[in-house]
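Each chain, letter by letter, is given below.
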Amino acid sequence: MKKSIKLLAILVGIIAFLIPQACSDVDKKDGELEQERLEVGRALLEMQASDVAELIPYYTDDVEYHDPIVDINGIQDMTAFLNQLILGASPNLSTIVEDETLMDNTYTATWIMSGTFNGVPYQAKGISIFKFMPNSSQVYYQRDYYTEGDIMATTPGLDEAIMGFRTFYRCAVDPTFECPLPPPDEVSMVKSQMSSQDQISSDQLVVGRQLVEIHAGNWVNVLPFLEADYEYHDPIVDIYGPDTMAMFLGRLFAGSSELYTVIDEETIGDDIYMATWTMSGEFNGAAFNAPGMSIVKFVEGTTQTYYSRDYYTEGDVMLGVPGLSEVVTGFRDYYRSAVDPNYVSP
């Protein structure tokens, strides 16, 4: 009996020793995988011509890729797309990652891309989302958000159209812009009275969601969450300060009262909220539907935000504007003909 008790005590001691070791190994493996995923996500974004062959294996055989113009399915087409884009159309492409987060199996990052496209120089800001296979550093899904207008703006024959649209847009919504266009007919703007702030959760996820899903009926409710040095950016407009942001939102929803945004996916970590979404409605009578992604940065440990940026392509809005839709479809045909291995130009 004593021998049995002694043997049991020895076994308990061994188990007590091994369990922390096993947990430590698991934590170490999790940490190593997280670091590897960060490195893979960053490498795929910053890919250059010399890296293509080395980085292709980090995509799964059934990888899915999307940007504002191109949809790619499968590793064979993904390989051809990257070869045509980076080795063919943009051999000097350079991308610099700015902010990045990794939550569970999803890596997201903002970036600045520059180079030439078929000999035409350009620079564009964007944001990307990568989804990894469970317990793996292989990517099965990637979506890049940027505006094709940044490329069109330096393309002869298309630059005047995009600059004309950006001027029209800023005249309509940007209170700091000196509009060169004739003043429009007097429009009666709906004046919203600031109502008492609804009780909301102090969770940053809730505030971030509210900032992204903003619409004509609730935009005044987000103003108390904007820091004094708050700044907002989209593909066309740069806004500084909560007072200017209030004027911008008032103008935006005066011309787009039926504008709504539906969140698809969202993450929160390290005081940074990111969300993918679909926005639909009308802008000054032109109907549109546009996918996009947003980043919201909070003051550490608070629900006060000091920075937000919306990424989408203005081409999706221009498609609903007579006289500009042909320009967008023409550019998309030109772009896909250069990089999409499955595209046959009409």
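1. Remarks on the environment of valine 222
Phase 1: Along the polypeptide, valine 222 turns up in the loop between α6 (204-212) and β7 (226-233).
Phase 2: Spatially, the C-alpha atoms of valine 222 and proline 242 are 9.9 Å apart, while their sequence positions differ by 20 residues.
Phase 3: If we skip the residues at most four places from it in the chain, valine 222 touches Gln210, Leu211, Ile214 and Leu249.

2. Re the pairing of strand β3 (residues 94-103)
On a regular strand, one side chain projects to one face of the sheet and the next to the other, so that they alternate.
Phase 1: Bridge count between β3 and strand β4 (residues 106-117): 8 bridges; the pairing is antiparallel. The residue of β4 that forms the bridge with glutamate 100 is alanine 109.

3. Some words on α6
Owing to its 3.6 residues per turn, the α-helix brings residues three or four apart onto one side.
Phase 1: Among the residues making up α6, those that are buried are Gln204, Val207, Gly208, Gln210, Leu211 and Val212.
Phase 2: Residues of α6 that are buried sit in contact with β7, β9 (260-269), β10 (272-283), β11 (286-298) and β12 (305-311).

4. Comments concerning the pattern of salt bridges
Phase 1: By the definition in use, this model includes 11 salt bridges.
Phase 2: Salt-bridge contacts for lysine 297 lead to aspartate 99; the nearest nitrogen and oxygen are separated by 2.6 Å. In this pair, lysine 297 sits in strand β11 while aspartate 99 sits in strand β3, placing the two residues 198 residues apart along the sequence.
Phase 3: Residue lysine 297 is classed as buried on the basis of its relative accessible area, which comes to 12%.
Phase 4: When the shortest N-O distance is used, the salt bridge between arginine 170 and aspartate 174 registers 2.8 Å.
Phase 5: On the basis of relative accessibility, which here comes to 25%, the residue arginine 170 falls in the partly exposed class.

5. Structural notes on the nonpolar core
Phase 1: Core analysis: the largest hydrophobic core is formed by 85 residues, its most contacted members being Phe248 and Tyr335.
Phase 2: In contact with tyrosine 335, not counting residues within four places along its chain, are Asp67, Ile69, Val70, Leu85, Phe117, Tyr146 and Ile151.

6. A word on the state of the cysteines
Phase 1: Per the counting criterion, the structure on display carries 1 disulfide.
Phase 2: Each disulfide pairs two cysteine sulfurs, and for cysteine 171 the partner residue is cysteine 179, the sulfurs being separated by 1.9 Å. The disulfide joining cysteine 171 to cysteine 179 has a torsion of about 95° about its S-S bond and is therefore right-handed.

7. Notes on the sheet that holds β9
Phase 1: The mixed open sheet is built from 6 strands, whose spatial order is β8-β7-β12-β11-β10-β9. Each of the sheet's edge strands pairs with one partner strand only, and the pair in question is β8 (238-240) and β9. Taken pair by pair, the neighbouring strands of this sheet meet at an average axis angle of 15°, ignoring direction.
Phase 2: Direction of pairing for β7 relative to β12: parallel, over a ladder of 4 bridges. Within the sheet, the bridge partner assigned to tyrosine 232 lies in β12 and is serine 308.
Phase 3: Packing against the sheet, helix α7 (residues 242-255) makes contact with β7, β8 and β10, and its axis sits at approximately 45° to β7.

Definitions and cut-offs
- Note that residues are indexed from 1 along each chain, following the sequence as it is written.
- Totals for whole chains, interfaces and linings use every residue, but because this is a predicted model, local features are given only for residues with pLDDT of at least 70 and side-chain atom pairs only at 80 or more, for both listing and counting.
- The basis for every side-chain value is the complete set of heavy atoms in the structure, and neither hydrogens nor water enter the calculation.
- Each helix is a run of H or I in the DSSP string that is no shorter than four residues. Each strand is a run of E no shorter than two, and both are numbered from the N terminus.
- Between two residues, a contact is recorded if the distance between any of their heavy atoms is within 4.5 Å.
- Criterion used throughout: strands pair if DSSP finds at least two bridges between them.
- Remark: exposure states derive from per-residue accessible area (1.4 Å probe, protein chains only) relative to the maximum for the residue type, with buried under 20%, exposed over 50%, and partly exposed in between.
- For this analysis, a salt bridge means a side-chain nitrogen from Lys or Arg found within 4 Å of a carboxyl oxygen belonging to Asp or Glu.
- By convention a nonpolar core is built from buried Ala, Val, Leu, Ile, Met, Phe, Trp, Tyr and Cys residues, the set being connected through side-chain atoms within 4.5 Å.
- In this description, the term disulfide denotes a pair of cysteine sulfurs within 2.5 Å.
- To obtain each axis, a line is fitted to C-alpha atoms, and for helices this fit is confined to the stretch in contact; angles are then taken between N-to-C directions over 0 to 180 degrees.

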